[in-house]
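# Commentary on secondary and tertiary structure
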Amino acid sequence: MFVSKNLTVNENGNLAIGGVDTVELAQQYGTPLYVMDEQLIRKNCRSFKKSIDKYYDGNGLVCYASKTFSCLEMCRIIKNEGIGLDVVSIGELYTALKAGFDCSKIGFHGNNKTNQELEYAVDNKVGHIIVDNIEELYRLDKIAGEKNVIADIMFRIKPGIDAHTHDFVKTGQIDSKFGFALETGEAFEAVKLAIQLENVNLLGLHCHIGSQIFDIAPFEEAANVMLGFIAKIKKELDFEVKELNLGGGFGIMYTEKDTPSPYDTYMKNVSAVVHKKCEELGINLPFILIEPGRSIAGPAGITLYTVGARKEIPNIRTYVSIDGGMCDNPRYALYKSEYDALVANKASQEKTDIVTIAGKCCESGDLIGENMPLQYAESGDIIAVCATGAYNYSMSSNYNRIPKPAVVFVNEGESRIGVKRETLDDIIRNDI
Ligand SMILES: *Cc1c(COP(=O)(O)O)cnc(C)c1O
């Protein structure tokens, strides 16, 4: 009945998440409100960890892609689960450090890291810096040299795989701003250069073909291509690439149209390809890393809003206006991403209506969705939008000078604040 397994209808007929009544959460903390289910986050971390341990005999590491959803409490939960973390900016790295994260388990991504970011990563001995381009390789080698250290690196490779997903979230094809191309020989030249440079240590290769991918085949294909490249490096340069990061991108269920395979099936099928290919090519099995983001945090979150107005435009559509919008969830505006929503205080009722949920920002495109099945919603109702744990809080903005909502964690019937709601003073705190 619900897209996420942690959602139920309780004895009051209200929506509950992780055993907590969402209508009570809305009353206690106000709306809009992000709610994250700690148990589901932990469960998702554990199932990936279990799969990688099983299929690679413990020679692998799951790293949570923190751009999906990052705050101190989330980093603490991830740390406590014993998995690694990916960051893509100094801000995400700073958050992880402040949460006491073990730097050796952090990977630093990004297609244009600044010198400040590289220095900060080197100073804090980040486990892997994933180098995106030649200029960055030279800059990092110089920075590490000045500090008299050797930086452990990986290369971001475009394996030339076209994943079947939205254009804006595809990243593995040759026309991408991320990484070194294989087809053109650019990646091979970069490897040659890295081997010669004195202050970088090339540990491995990395690819990430895109996001919200349901097919397993593109992941298998990417693994094949990457291992082929590792074999070429061994043969032609007599250099062993010890680690292979296969990225994230596992799709989740936003609406009933989405049909993700169980993640253990991805892991199993890809590992079969990895084992077979290594044997064929006569290379050692590399240490395998993966970087799920959305599939860990996405299903664990919901957003609660209060309905303000209902506007029925005869023969056209019905708008239901909420007290948030693109400022806390820009994904419909960005990608036309679909969500499932319900009226939290009428969760046991049928969805008899089809509506457009509109935000409060001054943009016509500020919608959470169109043609959404919903219970009859009127002023004062609480709307829950499901599966908003990924790329919502992390993509939020202060557009229209709207303070960002609070993030509340629920855990086995209890709730606590993870991120406080912004105040009006927060809105002007950097203004002179
Ligand atoms: C965004 C990103 C991920 C996570 O992708 P999901 O689709 O959220 O799993 C992993 N690795 C890299 C390099 C990324 O940019």
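From a predicted model like this one, the values you see are computed outputs, not experimental measurements.

Below, the discussion takes up the site of the ligand. Close to the ligand lie 15 residues, the nearest being Lys67, Ser211, Glu291, Arg294 and Tyr391. One of the side-chain N or O atoms of Tyr391 is found 2.6 Å from an oxygen atom in the ligand. Computed on the free molecule, the ligand has an accessible area of 390 Å², of which 93% lies beneath the protein chains in the complex. In terms of residue class, the shell around the ligand is built from three nonpolar, eight polar and four charged.

Here Thr31 and Pro32 are connected by a cis peptide whose omega angle stands at -10 degrees. Within the secondary structure, Pro32 sits in the loop between helix H1 (22–29) and strand E4 (33–37). Here the phi dihedral of Lys336 falls at roughly 55 degrees; this positive angle occurs in a residue that is not glycine. Turning to its location among the elements, Lys336 is positioned in the loop between helix H11 (331–335) and strand E16 (341–343). When its relative accessible area of 56% is taken as the criterion, Lys336 is described as exposed.

On to the nonpolar core, then. With 107 residues, the main nonpolar core has Phe69, Ile153, Phe155, Leu205 and Ile383 as its most contacted residues. When residues in this core are grouped by element, the largest group, nine residues, is from helix H8 (residues 217–237). Of the residues that make up this core, three or more belong to each of domain 1 (7–37 + 300–428) and domain 2 (109–292). Ranked by size, the runner-up nonpolar core spans 23 residues in total, among them Val3, Val20, Ile302 and Ala384.

Another point: the packing of helix H2 (residues 38–55) against helix H3 (residues 72–80). Look at H2 against H3: their axes get within 10 Å of each other, and the N-to-C directions meet at 40 degrees. The angle between H2 and H3 places the two elements in the oblique class. As H2 packs across H3, the resulting crossing turns out to be right-handed. Every residue of H3 that contacts H2 at Glu38, Ile41, Arg42 and Cys45 is listed here: Met74, Ile77, Ile78 and Asn80.

So, on to the domain arrangement of the chain. Each assigned domain of the chain is listed here: domain 1 (7–37 + 300–428) and domain 2 (109–292). Here domain 1 and domain 2 have C-alpha centroids that lie 36 Å from each other. Counting residues at the interface gives seven residues for domain 1, matched by eight residues for domain 2. Buried area between domain 1 and domain 2, both sides added, is near 720 Å², and the carbon and sulfur share of it is 57%. Connecting domain 1 to domain 2 are one salt bridge. A salt bridge links Glu338 to Lys257; the shortest N-O distance between them is 2.9 Å. On inspection of domain 1 and its partner domain 2, the count reaches two residue pairs in polar contact (both at pLDDT 80 or more). When grouped by side-chain class, the residues that make up the side of domain 1 that touches domain 2 number four nonpolar, no polar and three charged.

Our next topic: the pairing of strand E11 (residues 200–206). In terms of burial, E11 is a largely internal element, six of the seven residues being buried. The pairing of E11 with strand E12 (residues 243–245) spans three bridges and is parallel. Counted as the bridge partner of His206 is Asn245 from E12. Of the crossover connections in this fold, the one passing from E11 over H8 to the parallel E12 is right-handed.

So, on to the pattern of salt bridges. Tallying each qualifying case throughout the model produces 24 salt bridges. For Arg42, the salt bridge identified is with Glu81, shortest N-O distance 2.7 Å. Of this pair, Arg42 sits in helix H2 while Glu81 sits in the loop between H3 and strand E6 (84–87), and the two are 39 residues apart along the sequence. In this structure, Lys147 and Asp123 form a salt bridge, with 3.1 Å as the shortest nitrogen-oxygen distance. With Lys147 in the loop between helix H6 (134–146) and strand E9 (151–158) and Asp123 in helix H5 (residues 115–123), the pair connects residues that are 24 residues apart, well separated along the chain. Asp123 sits in the partly exposed class, given a relative accessible area of 44%. Each of Glu38, Arg42, Arg46, Glu73, Arg76, Glu81 and Arg416 takes part in one network of salt bridges that share partners.

Pairing within the open sheet is antiparallel, and its three strands lie in the order E1-E2-E3. In this open sheet, the two strands that pair with only one neighbour each are strand E1 (7–9) and strand E3 (20–21).

Counted under the stated rule, the structure contains 12 aromatic pairs. Seen in terms of ring centroids, Phe155 and Phe180 are 5.0 Å apart; in terms of plane orientation they differ by 75 degrees. Their pairing is edge-to-face. Of this pair, Phe155 sits in strand E9 while Phe180 sits in strand E10 (residues 180–181), placing them 25 residues apart in sequence. Phe180 gets classed as buried once you look at its relative accessible area, which sits at 1%. By the ring-pair criterion, three or more aromatic residues cluster together here, those being Phe48, Phe219, Phe250, Tyr263 and Tyr266. Lying across the ring of Phe188, Lys232 places its NZ or CZ 4.5 Å from the centre.

Criteria and cut-off values
What you see as residue numbers is a count from 1 along each chain, following the sequence as written. Restriction of local features to residues with pLDDT of at least 70 applies here, the model being predicted, together with a cutoff of 80 or more for giving and counting side-chain atom pairs; totals for whole chains, interfaces and linings are based on all residues. For side-chain calculations, the full set of non-hydrogen atoms in the structure is used, while hydrogens and water are omitted. For this purpose, a residue is taken to be near a molecule or strand whenever a single non-hydrogen atom of the residue falls within 4 Å of it. Each polar contact in these results corresponds to two N or O atoms within 3.5 Å; when the atoms are within protein, one needs to be able to donate a hydrogen and the other to accept it, and residues that are neighboring in sequence are counted only if both atoms are side-chain atoms. Each accessible area is a Shrake-Rupley estimate made with a 1.4 Å probe; only the visible protein chains count as cover when residues are assessed. Residues were grouped as follows: Ala, Val, Leu, Ile, Met, Phe, Trp, Tyr, Cys and Pro as nonpolar; Asp, Glu, Lys and Arg as charged; and all remaining residues, including Gly, as polar. Only DSSP runs of H or I with at least four residues qualify as helices, and only runs of E with at least two residues qualify as strands; both kinds are numbered from the N terminus onward. Under the scheme applied here, a residue whose accessible area is under 20% of the maximum for its type counts as buried, over 50% as exposed, and between as partly exposed, the area being computed with a 1.4 Å probe on protein chains only. Joining through side-chain atoms within 4.5 Å is the link that ties buried Ala, Val, Leu, Ile, Met, Phe, Trp, Tyr and Cys residues into a set, and such a set is a nonpolar core. For the purposes of this description, domain bounds are those given by an automatic or database domain assignment. Angles shown run from 0 to 180 degrees and are taken between the N-to-C directions of axes, each axis being a line fitted to C-alpha atoms and, for helices, limited to the stretch in contact. Just so you know how the angles are binned, under 35 degrees is roughly parallel, over 145 roughly antiparallel, 65 to 115 roughly perpendicular, and the rest oblique. By definition, turning the near helix anticlockwise from the far helix through less than a right angle yields a left-handed crossing, and turning it clockwise yields a right-handed one. Contacts are assigned to residue pairs with any non-hydrogen atoms lying within 4.5 Å of each other. A 1.4 Å probe defines the accessible area here, and the buried area is the portion of it lost by two parts on being joined, summed over both. By convention in these notes, a salt bridge is any Lys or Arg side-chain nitrogen within 4 Å of a carboxyl oxygen on Asp or Glu. At least two bridges found by DSSP between two strands are what make those strands a pair. With strands facing away from the observer, any crossover in which the path from the first strand over the helix to the second runs clockwise is taken as right-handed. Any pair of Phe, Tyr and Trp rings, taking the six-membered ring for Trp, is counted once the centres come within 6.5 Å. Such a pair is stacked with planes under 30 degrees apart, edge-to-face with planes over 60 apart, and tilted for the rest. A ring is scored as having a charge over it whenever the NZ atom of a lysine or the CZ atom of an arginine sits within 6 Å of its centre and within 35 degrees of its normal.

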